[in-house]
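These are the residues of each chain, in order.
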Amino acid sequence: MTNEQSDQDRVESRAHHLLPEEEAVGSDDPEAQAEAILAESDIREADQNAAPDTVLERRTSDQTVVAVEPPD
């Protein structure tokens, strides 16, 4: 199976398995919608910073808010 054929299989599978919210919106071309979804997914997978407004912070608990002891 070639990459092009494999990609087409992914698109067809995704087009037949749209999420409920994607189906609710409707689409004139489910395969084009699936292709766009998969293309964006591939970009995000390749570059974790590609998603808009996505920042994954890696901090330890001592780098966060200082704990305040409750009064006795």
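Placed above this text is the structure.
Description of the structure in this document.

**Re the overall build of the protein**
1) Next: Regarding its fold elements, the protein presents three helices and zero strands.
2) Next: In sequence order, the secondary structure elements of the protein are arranged as α-α-α.
3) Next: Residues counted as buried form 12% of the 72 residues belonging to the protein.

**Regarding the pattern of salt bridges**
1) Next: Tallying each qualifying case throughout the model produces two salt bridges.
2) Next: Put simply, Asp42 and Arg10 hold a salt bridge, and the shortest N to O gap is 3.1 Å. With Asp42 in helix H3 (residues 30-46) and Arg10 in helix H1 (residues 3-16), the pair connects residues that are 32 residues apart, well separated along the chain.
3) Next: On the accessibility criterion, Arg10 (33% relative accessible area) is partly exposed.

**Thoughts on a negative patch on the surface**
1) Next: Residues Asp7, Asp9, Glu12, Asp28, Asp29, Glu31 and Glu35 make up a contiguous surface patch of negative charge.
2) Next: Among the secondary structure elements, those contributing two or more residues to the negative patch are H1 and H3.
3) Next: With three residues, the top contributor of residues to the negative patch is H1.
4) Next: Looking at the secondary structure, you find Asp9 in helix H1.
5) Next: Judged by relative accessible area, which is 35%, Asp9 ranks as partly exposed.

Each value, and the rule that gives it
- Residues numbered from 1 in each chain as written.
- Predicted model: local features only at pLDDT ≥ 70, side-chain atom pairs only at ≥ 80, totals over all residues.
- Heavy atoms only, no water.
- Helix = DSSP H or I, 4+ residues; strand = E, 2+ residues; numbered from the N terminus.
- Buried < 20%, exposed > 50% of the residue type's maximum accessible area, 1.4 Å probe, protein only.
- Salt bridge = Lys/Arg side-chain N within 4 Å of Asp/Glu carboxyl O.
- Patch = residues over 30% accessible without salt bridge, like charges linked within 9 Å, V, L, I, M, F, W, Y side chains within 5 Å.
- Areas by Shrake-Rupley, 256 points an atom, 1.4 Å probe, with all protein chains shown as cover.
- Lys, Arg positive; Asp, Glu negative; His and termini not counted.
- Charge placed at Lys NZ, Arg CZ, Asp CG, Glu CD.

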